Amino acid sequence: VSLNTGFQVNLKEIENGQIAQAKVNPGLGFSAAFGVDAATDFNAEVELVSYRGTVDFRTVDGVATAYVPNEDVTLNALMMNGYYKFDPVNHARFKLGGGLGYSQYILTDTNSARHRGQGLVYQIKAVGEYDLAPTVGFLFEGGYLGTSNIDVDLSASTVSRVSALRGLTFGTGLKSRF
């Protein structure tokens, strides 16, 4: 089991033929994973992630907007990950891998309306771990996360957005082995 936080993502939207891109200021990020040693050098895990942030900067058709709306972005995902593991020294290991999963995307606009959609999410990650005790370790990770194009619709509206999130994730945390 591990817990960690941190991300920096960018949002790309297509609404009524216009392409908008936005930088998302990171808010609270969280992930929890449960994994097993599937083989000597391979780990598999199920990971639940939630990233939240606010839109900071937006361009529409390549032109920066003078008004940046106060919009909140949330991405929740359930991932299946696999890692190749390196054990160069005692009490430390490095893992390289990635995963694929299902995501729910929510954009809360300035009128508090929630635009929702679901789609695929993928990631590639590098993880470093150091044992603090026989069953507890410290970890640091960095990676790249992206979503497929997600059809985001507002209830009772004809407006639809196609949205995609892509960006870097990073975090630190603790790992407990059972």
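Structure shown above.
Please read these numbers as outputs of a predicted model, since none were measured by experiment.

Trainee: Can you break down the overall build of the protein residue by residue, with the values?
Mentor: Helix and strand counts for the protein stand at zero helices and eleven strands. When its helices and strands are written in sequence order, the protein yields β-β-β-β-β-β-β-β-β-β-β. Put simply, the protein has 178 residues, and 42% of those count as buried. Taking the intrachain contacts of the protein between residues at least 6 apart in sequence as the baseline, contacts between residues at least 24 apart amount to 61%. When the accessible surface of the protein is split by element, carbon and sulfur atoms take 61% of a total near 9,500 Å².

Trainee: Please set out the packing of aromatic side chains residue by residue, giving values where relevant.
Mentor: For the coordinates displayed, the defined rule picks out two aromatic pairs. Here Tyr 122 and Tyr 144 contribute two aromatic rings whose centre-to-centre distance is 6.5 Å and whose plane-to-plane angle is 40°, an arrangement assigned as tilted. In this pair, Tyr 122 is assigned in strand β8 (residues 114–133) and Tyr 144 in strand β9 (residues 136–147), connecting sequence segments 22 residues apart. The class for Tyr 122 is partly exposed, based on a relative accessible area of 31%. Note that Lys 95 overlies the ring of Tyr 83, its terminal NZ or CZ placed 5.1 Å from the centroid.

Trainee: Can you tell me about the environment of Leu 165, naming the residues and giving the values?
Mentor: Note on placement: Leu 165 falls in strand β11 (residues 160–176). Overall, the relative accessible area of 3% leaves Leu 165 in the buried class. Separated by 155 residues in sequence, Leu 165 and Asn 10 have C-alpha atoms that sit 5.7 Å apart. Other than its neighbours up to four places away in sequence, Leu 165 contacts Val 9, Asn 10, Leu 11, Val 73, Leu 75, Tyr 105, Leu 145, Gly 146 and Thr 147.

Trainee: Break down the pairing of strand β6 (residues 72–89) for me, with residues and values.
Mentor: As paired elements, strand β4 (residues 42–60) and β6 share 13 bridges and run antiparallel to each other. Bridging from a neighbouring strand, Glu 47 pairs with Met 79 of β6. Pairing between β6 and strand β7 (residues 92–108): 16 bridges, direction antiparallel. Across the sheet, residue Phe 86 finds its bridge partner in β7, namely Phe 94. Hairpin geometry of β6 and β7 is characterised by an intervening segment of two residues between the two adjacent antiparallel strands and by a positive phi of about 70° at His 91.

The rules behind each value
- Residues numbered from 1 in each chain as written.
- Predicted model: local features only at pLDDT ≥ 70, side-chain atom pairs only at ≥ 80, totals over all residues.
- Heavy atoms only, no water.
- Helix = DSSP H or I, 4+ residues; strand = E, 2+ residues; numbered from the N terminus.
- Buried < 20%, exposed > 50% of the residue type's maximum accessible area, 1.4 Å probe, protein only.
- Contact = heavy atoms within 4.5 Å.
- Areas by Shrake-Rupley, 256 points an atom, 1.4 Å probe, with all protein chains shown as cover.
- Phe/Tyr/Trp six-rings, centres within 6.5 Å; stacked < 30°, edge-to-face > 60°.
- Lys NZ or Arg CZ within 6 Å of the ring centre and 35° of its normal.
- Pairing = 2+ DSSP bridges.

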